[in-house]
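The lines below spell out each chain.
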Amino acid sequence: MNTEEAKKVSIDELFNKLSSSKAGLSFEEAKKRLEQYGPNEIAEKKINPLVKFLSYFWGPIPWMIEIAAILSAIIRHWEDFGVIFAMLLINAAVGFWQEYKADNAIELLKKRLALKARALRDGKWAEVPAQELVPGDVIRIRLGDIIPADIKLTEGEYLLVDQSALTGESLPVEKHLSDIGYSASIVKQGEMDAVVVGTGLNTYFGKTAKLVAEAKTRSHFQKAVIKIGDYLIVIAIALVAVIFLVSLFRHEKFFEILQFALILIVASIPVAMPAVLTVTMAVGASMLAKKEAIVSKLVAIEEMAGVDILCSDKTGTITKNELSVKELKPLEGFRDVDMLLWGRLASREEDKDPIDDTIIAKAQSISEVTENFDKYKVTSFKPFDPVAKRTEASIEESGGKKFKVTKGASQIILSLVANKDIISSKIEGAVNDFAAKGYRALGIAKTDDSGQWQYAGLFAIYDPPREDSADTIKTARSMGLNVKMVTGDHIAVAKEIAREVGLGENIQPASNFLDKSDKEAQQIIEGADGFAQVFPEHKYKIVEELQAKNHIVGMTGDGVNDAPALKKADAGIAVAGATDAAKSAAAIVLTKPGLSVIIDAIKESRKIFKRMNSYAIYRIAETTRVLLFMTLAILIFNFYPVTAIMIVILAMLNDIPIMMIAYDKTKIYPNPVSWNMRRVLSLSTVLGIAGVFASFGMFWIGKEIFHLDRPMIQTLIFLKLAVAGHMTIYLARTGEDPFWHKPYPALALILTCEITQVIATVFAVYGIFMKPIGWGLALFVWGYAFVFFVINDFIKIRTDKVMDHFGVRFRRGVQAS
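Residues numbered from 1 in each chain as written. Predicted model: local features only at pLDDT ≥ 70, side-chain atom pairs only at ≥ 80, totals over all residues. Heavy atoms only, no water.

**Details of the overall build of the protein chain**
Part 1 of the reasoning: Within the protein chain, the secondary structure is distributed over 31 helices and 21 strands.
Part 2 of the reasoning: Taking all 817 residues of the protein chain together, the buried fraction comes to 53%.
Part 3 of the reasoning: Considering only contacts within the protein chain whose residues lie at least 6 apart along the sequence, 72% involve residues at least 24 apart.
Part 4 of the reasoning: Total accessible area on the protein chain is roughly 35,600 Å²; 57% of this is exposed by carbon and sulfur atoms. (Helix = DSSP H or I, 4+ residues; strand = E, 2+ residues; numbered from the N terminus. Buried < 20%, exposed > 50% of the residue type's maximum accessible area, 1.4 Å probe, protein only. Contact = heavy atoms within 4.5 Å. Areas by Shrake-Rupley, 256 points an atom, 1.4 Å probe, with all protein chains shown as cover.)

**A word on the packing of helix α26 (residues 595-637) against helix α28 (residues 677-705)**
Helix packing geometry: the angle between the two helix axes and the distance between the axes.
Part 1 of the reasoning: Between α26 and α28, the least distance of the axes is 7 Å, while the angle of their chain directions is 40°. As judged from the angle between their axes, α26 and α28 are oblique. In this structure, α26 crosses over α28, and the sense of that crossing is right-handed.
Part 2 of the reasoning: In terms of residue class, the contact of α26 with α28 is made up of 17 nonpolar, six polar and two charged. (Axes fitted to C-alpha atoms, helices over the stretch in contact; angles between N-to-C directions. Parallel < 35°, antiparallel > 145°, perpendicular 65-115°, else oblique. Left-handed = near helix turned anticlockwise from the far one by under 90°. Nonpolar A, V, L, I, M, F, W, Y, C, P; charged D, E, K, R; others polar.)

**Comments concerning the pattern of salt bridges**
Part 1 of the reasoning: Enumeration over the complete set of coordinates arrives at 29 salt bridges.
Part 2 of the reasoning: The shortest N-O distance in the salt bridge between Asp-800 and Arg-679 comes to 1.8 Å. A residue pair is termed long-range when its members are at least 10 positions apart, and Asp-800 in helix α31 (residues 774-805) and Arg-679 in helix α28 qualify at 121 residues. The burial state of Asp-800 is the same as that of Arg-679; both residues are buried.
Part 3 of the reasoning: Linked by salt bridges that have partners in common, Arg-140, Arg-142, Glu-191, Asp-193 and Arg-348 make up one network. (Salt bridge = Lys/Arg side-chain N within 4 Å of Asp/Glu carboxyl O.)

**Describing the side chain of Glu-622**
Part 1 of the reasoning: Examined against the element boundaries, Glu-622 turns out to sit in helix α26.
Part 2 of the reasoning: Beyond its immediate stretch of four places on either side in the chain, Glu-622 contacts Asn-654, Leu-721, Gly-725 and Thr-728.

**Focus on helix α20 (residues 491-500)**
Part 1 of the reasoning: Buried within α20 are the following residues: Val-493, Ala-494, Glu-496, Ile-497 and Ala-498.
Part 2 of the reasoning: Against the buried residues of α20 lie α13 (314-318), α18 (420-436), β14 (439-447), β16 (482-486), β17 (507-509) and β18 (530-532).
Part 3 of the reasoning: At the exit of α20 stands Gly-502, carrying a positive phi of roughly 70°.

**Quick notes on the nonpolar core**
Part 1 of the reasoning: Val-642, Ile-717, Phe-718, Leu-719 and Ile-773 are the most contacted members of the largest nonpolar core, which has 80 residues in total.
Part 2 of the reasoning: For this core, the elements supplying multiple residues, two or more each, are α9 (220-249), α10 (254-268), α26, α27 (644-658), α28, α29 (710-733), α30 (747-766) and α31.
Part 3 of the reasoning: Looking at which element gives the most residues to this core, the answer is α29, with 15 residues.
Part 4 of the reasoning: If we skip the residues at most four places from it in the chain, Ile-773 touches Met-712, Thr-715, Leu-716, Leu-719, Ala-764, Val-765 and Ala-778.
Part 5 of the reasoning: In this structure, Leu-288, Met-485, Ala-532 and Ala-601 belong to the second largest nonpolar core, which totals 40 residues. (Core = buried A, V, L, I, M, F, W, Y, C linked by side-chain atoms within 4.5 Å.)

**What to know about the environment of Leu-331**
Part 1 of the reasoning: As for its position among the elements, Leu-331 is in the loop between β10 (324-330) and α14 (336-345).
Part 2 of the reasoning: For Leu-331, a relative accessible area of 10% translates into the label buried.
Part 3 of the reasoning: Sequence separation between Leu-331 and Ile-427 is 96 residues, and the spatial gap between their C-alpha atoms is 9.1 Å.
Part 4 of the reasoning: Beyond its immediate sequence surroundings of up to four residues, Leu-331 is in contact with Ile-423, Lys-426, Ile-427, Tyr-455, Ala-456 and Gly-457.

**Some remarks on the confidence of the model for the protein chain**
Part 1 of the reasoning: This prediction gives the protein chain a mean pLDDT of 80; 79% of its residues lie at or above 70.
Part 2 of the reasoning: Scored below 50 in pLDDT, residues 1-9 makes ten contacts in the model with residues more than four places away or belonging to other chains.
Part 3 of the reasoning: Predicted confidence is poor over residues 208-217, with pLDDT under 50, and the contacts of this stretch with residues over four places away or in other chains come to nine contacts. (pLDDT = per-residue confidence, 0-100.)

**Comments concerning the side chain of Thr-317**
Part 1 of the reasoning: Following the sequence through the fold, Thr-317 ends up in helix α13.
Part 2 of the reasoning: For Thr-317, a relative accessible area of 1% gives the class buried.
Part 3 of the reasoning: Here Thr-317 is in contact with Ser-312, Arg-466, Ser-469, Val-575, Gly-594, Leu-595 and Ile-598, once residues within four sequence places are set aside.

**Here's the deal with the pairing of β14**
Every other side chain in a regular strand lies on the same face of the sheet, so the side chains alternate between the two faces.
Part 1 of the reasoning: Burial of β14 is extensive: eight of the nine residues sit out of reach of the surface.
Part 2 of the reasoning: Bridge analysis of strand β13 (residues 402-409) against β14 gives five bridges, and the strand direction is antiparallel. Bridging across to β14, Lys-407 finds its partner in Ile-444.
Part 3 of the reasoning: As defined by bridge partners, β14 adjoins strand β15 (residues 453-462) across nine bridges and the pair is classed as antiparallel. Bridge pairing links Lys-446 to Gln-454 in β15.
Part 4 of the reasoning: Counting the residues between successive antiparallel strands, the hairpin from β14 to β15 contains five residues, one of them, Gly-451, with a positive phi of roughly 90°. (Pairing = 2+ DSSP bridges.)

**Concerning the packing of aromatic side chains**
Part 1 of the reasoning: Tallied over the entire structure, the rule returns 18 aromatic pairs.
Part 2 of the reasoning: Note on Tyr-784 and Phe-788: the rings are 4.9 Å apart at their centroids and 40° apart in plane angle, and the pair reads as tilted. Placement of both Tyr-784 and Phe-788 in helix α31 is noted, with a separation of four residues, approximately one turn of the helix.
Part 3 of the reasoning: Ring-pair connections join several aromatic residues into one group, and the members of that group are Phe-629, Phe-637, Phe-639, Phe-696 and Phe-699.
Part 4 of the reasoning: The side chain of Lys-175 reaches across the aromatic face of Tyr-182, ending 5.3 Å from its centre.
Part 5 of the reasoning: Looking at Lys-446, its charged tip hangs above the ring of Trp-342, at a distance of 5.4 Å from the centre. (Phe/Tyr/Trp six-rings, centres within 6.5 Å; stacked < 30°, edge-to-face > 60°. Lys NZ or Arg CZ within 6 Å of the ring centre and 35° of its normal.)

Now the structure itself:
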């Protein structure tokens with residue numbers, strides 16, 4: 001059977017062929033089918049690398065460079081033509097390489113987030129990558145899963161499936177035996193086995209969906225920097241237009257003026273900005289991945305840097321998620337052994353549910369339970385779901401007697417029994433006793449001969465705090481981060497765990513804020529150290545009210561019903577072991593448990609924000625310095641301080657070091673940060689104007705002291721702009737601190753800055769495309785640039801202090817604009 005024929009195998013034919021199989025496919029057969037059908041994925045259309053490279057010659061910026069090159073040829077400035085053409089090639093090569101690096105980083109992240117599936121292979125349940133599923137695979141689908149392929153349901157009671165993204169249906173759809181489940185649907189309730197009948201492009205999703213590249217999504221920060229780019233373009237065009245008109249008025253040659261104007265515009269526009277933004281984000285995401293935090297949406301990096309309140313799940317994040325049965329409290333008529341036996345029957349090993357595994361492990365340690373277990377057969381099983389809050393199994397004894405067992409939340413189990421009014425005080429007392437020790441109560445019940453539920457007893461389940469939780473919470477507070485614990489457990493359990501990790505004991509039950517006015521609810525939620533007896537839908541309310549108070553909220557979650565809160569949060573975080581649905585809704589997916597992973601991710605995000613901020617300040621300062629100096633020199637002195645070819649060389653040399661900003665070492669902001677356009681524009685403008693004064697100082701020295709001719713003055717100015725411009729990178733990267741403060745620049749940044757400065761020096765000394773000035777004047781320029789570098793650093797620090805005085809800073813809740 002060839003590939004095309006294989007794809008035409010009907011659903012019914014596959015289903016009939018495999019419905020009797022109890023062992024599923026063998027790994028060998030699955031491998032053959034994978035070769036036959038291809039991987040279970042929808043590949044994005046690949047663009048030919050040559051076509052992608054050539055695309056960098058198309059667009060407004062390349063067109064202006066190309067027109068400038070043509071004009072150079074027309075006026076027979078062949079040196080200009082050669083350098084401009086080289087600039088065009090270098091811009092294309094740098095853009096192509098940066099996009100390639102970013103695409104590779106994003107592709108690696110996607111692989112880390114790839115879905116897994118539970119497949120029956122060689123008679124055993126195994127976890128396999130979803131892309132390796134093939135038609136005929138028997139898989140298990142359960143609450144919170146994203147269905148990995150088109151399937152036909154074969155065993156189980158029902159599924160409640162959200163397929164709104166595919167069909168537009170607003171409400172979840174119920175699925176039963178023999179129904180078809182579509183790939184990319186989300187399971188809201190239930191658990192069933194199914195046979196895979198369609199993969200990859202042969203699924204309903206594959207035929208209808210269009211993939212959107214996540215890398216192209218813009219964050220608020222990216223939008224702000226793009227606005228800066230637009231602002232610089234407008235300023236550049238306006239000032240160049242003034243130069244152009246004045247030059248025409250002075251009867252200078254039209255084509256030479258036009259060529260110079262085009263080159264100046266190109267040099268002033270931040271051509272490298274999209275590449276810098278994309279690479280900084282992608283490289284940052286790769287660094288986060290090394291810290292076990294996978295970024296599913298690049299825009300989340302900025303939001304993580306600004307988070308000031310983190311709502312953290314208790315289980316698995318603050319605690320170890322290493323559950324154990326600490327005590328058993330049987331009720332009248334039942335023994336410890338009975339509780340463990342019924343609990344074992346109400347659990348299913350292959351589901352890998354933490355509570356099920358805990359009960360099973362305890363039951364298997366008691367010989368009487370293991371000896372009697374084989375006398376019972378589970379005829380049907382209802383897995384846990386967050387609505388029912390319990391599991392249920394139908395049991396048949398070896399003698400033919402039938403009954404049911406259930407385990408779940410103590411109050412839910414209490415609601416099932418007929419004598420609840422009689423035993424409720426006893427149950428409540430036992431639950432409170434457990435809670436005071438930090439234990440969670442789990443109820444167990446069994447039906448009697450008449451089918452009435454009988455409460456058998458309570459398990460005390462303990463999940464100890466992680467060893468690093470208390471220290472991590474202290475670290476978070478030192479970073480200006482308010483950690484609030486969120487748990488579904490009893491309030492006394494939550495208070496005990498909060499006390500153990502030093503979180504505070506102002507724990508509020510969800511009922512305290514649900515029926516309150518928005519103002520009252522906000523006060524309760526904002527002042528709480530944590531929340532107990534929380535249902536997933538309450539998380540959404542917590543996020544909403546905190547956001548209404550202008551907080552940037554991080555929210556953790558792991559279940560399918562956490563998805564709305566994860567989407568609502570500024571930074572939704574799916575914890576280790578989260579369901580597929582939670583992962584798809586979250587912006588950050590953790591692959592390692594613990595609160596420390598989240599804190600590390602926030603630290604790294606603040607570093608990335610710092611790099612982006614450094615780039616913005618540098619880019620605006622440099623553009624202001626060059627454009628303003630050029631315009632004033634031409635208007636006031638009727639002197640072109642640099643030639644067209646010098647501008648092109650400066651633009652090429654400037655682009656190289658700023659690509660390394662993505663890899664720079666930076667300090668971590670001590671508080672949550674946010675984008676503040678007013679501060680960046682103020683600081684960069686001051687630095688730019690200071691640079692204009694320094695450039696005019698060099699012009700005056702060259703003319704009045706050294707008595708140089710104009711071509712040599714142009715070379716002197718060229719070298720000053722190149723050396724001082726790269727020194728501005730060192731100013732921008734340290735922010736409010738002096739340039740010598742740690743952390744020192746990354747080696748890659750130092751090397752690219754210094755090498756390009758040396759190249760500019762060699763050009764100036766030996767007169768490559770310009771009149772030579774010799775080593776003596778070149779060294780003088782270096783010394784002059786360094787003196788003004790120190791002066792500018794002092795100006796930067798003073799400007800920063802003035803802005804701090806007026807409240808213009810990078811802190812949430814106190815920014816002035």
